[in-house]
Amino acid sequence: MSTKRITLAALFMALVIILSSSYLSVPVPGGHFYINGIVICLTGLLFPPTESVIVAGIGSFIGDFLFYPTPMFVTLISHSLQVLVVSFLVKQSYEKLSKSRFFTALVLGGILNLIGYFLGRSFLYANLPTALVKLPFDSLAAVLSILMVYFIYYHTRFVTMFKQAWEN
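Quick summary incoming for the structure in this document. Not measured: the values here are computed from a predicted model.

Before going further, it helps to examine the overall build of the chain. Each helix and strand in the chain was counted, giving seven helices and two strands. Its helices and strands taken in sequence order, the chain reads α-β-β-α-α-α-α-α-α from the N to the C terminus. The globule rule puts the C-alpha radius of gyration for 168 residues at 15 Å, and the 15 Å found for the chain is close to it. The dimensions of the chain, computed from C-alpha atoms along their principal axes, are 50 × 30 × 25 Å. A burial count over the chain gives 44% of its 168 residues as buried.

This is the structure in structure tokens:
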């Protein structure tokens, strides 16, 4: 792995960790809406599977460890599975990625993440009523993240610039 690739992975991991802070989130019933979901979705689209899990899974685990350690293992498993599925489905297609594959990958990844957090809240660190209250907000957060990533992916030069940096 080149120095540029390690640097890009470190940058994305730093963003995931920093955006895991509750200071950079929006309070909602049952918790917070975290902006790091946008970076996590982008990570699954842009990085190969192994790097995706390291950047998003371990990055969000470290973010939780630093800012709110209770759900850190649920976060590790949920976000790792999320980006693994997304990364395998898109196979680093970059600009030739069809919109149907884009949405399929992110929706499936989002569903896995929702299930992971729902189960984690239900059985590990909260209870079923808390998990049910938070589910609509987590769903809205997933939809908003997917829409933001759609805009970034298809309507900016971000992916082209990332690809150039990744391949050179």
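Moving on, we get to the packing of helix H5 (residues 99–125) against helix H6 (residues 128–155). Running from amino to carboxyl end, H5 crosses H6 at an angle of 155 degrees, the nearest separation of the two axes being 9 Å. Here H5 is positioned roughly antiparallel relative to H6, judged by the angle of their axes. Handedness of the H5/H6 crossing: right-handed. For the pair formed by H5 and H6, the contact residues are Lys99, Phe102, Phe103, Leu106, Val107, Leu114, Tyr117, Phe118, Arg121 and Ser122 on the first element and Leu128, Ala131, Leu132, Lys134, Leu135, Asp138, Ser139, Ile146, Val149, Tyr150, Tyr153 and Tyr154 on the second. When grouped by side-chain class, the residues that make up the contact of H5 with H6 number 16 nonpolar, two polar and four charged.

Here H6 contains 28 residues, and its C-alpha end-to-end distance of 40 Å stays within 8% of the 40 Å for a straight helix at 1.5 Å per residue. Within the span of H6, buried status applies to Ala131, Lys134, Asp138, Ala141, Ser145, Ile146, Val149, Tyr150, Ile152 and Tyr153.

Parameters and conventions
Residues numbered from 1 in each chain as written. Predicted model: local features only at pLDDT ≥ 70, side-chain atom pairs only at ≥ 80, totals over all residues. Heavy atoms only, no water. Helix = DSSP H or I, 4+ residues; strand = E, 2+ residues; numbered from the N terminus. Rg over C-alpha atoms; globule rule 2.2 N^0.38 Å. Buried < 20%, exposed > 50% of the residue type's maximum accessible area, 1.4 Å probe, protein only. Axes fitted to C-alpha atoms, helices over the stretch in contact; angles between N-to-C directions. Parallel < 35°, antiparallel > 145°, perpendicular 65-115°, else oblique. Left-handed = near helix turned anticlockwise from the far one by under 90°. Contact = heavy atoms within 4.5 Å. Nonpolar A, V, L, I, M, F, W, Y, C, P; charged D, E, K, R; others polar. Expected span 1.5 Å × (residues − 1).

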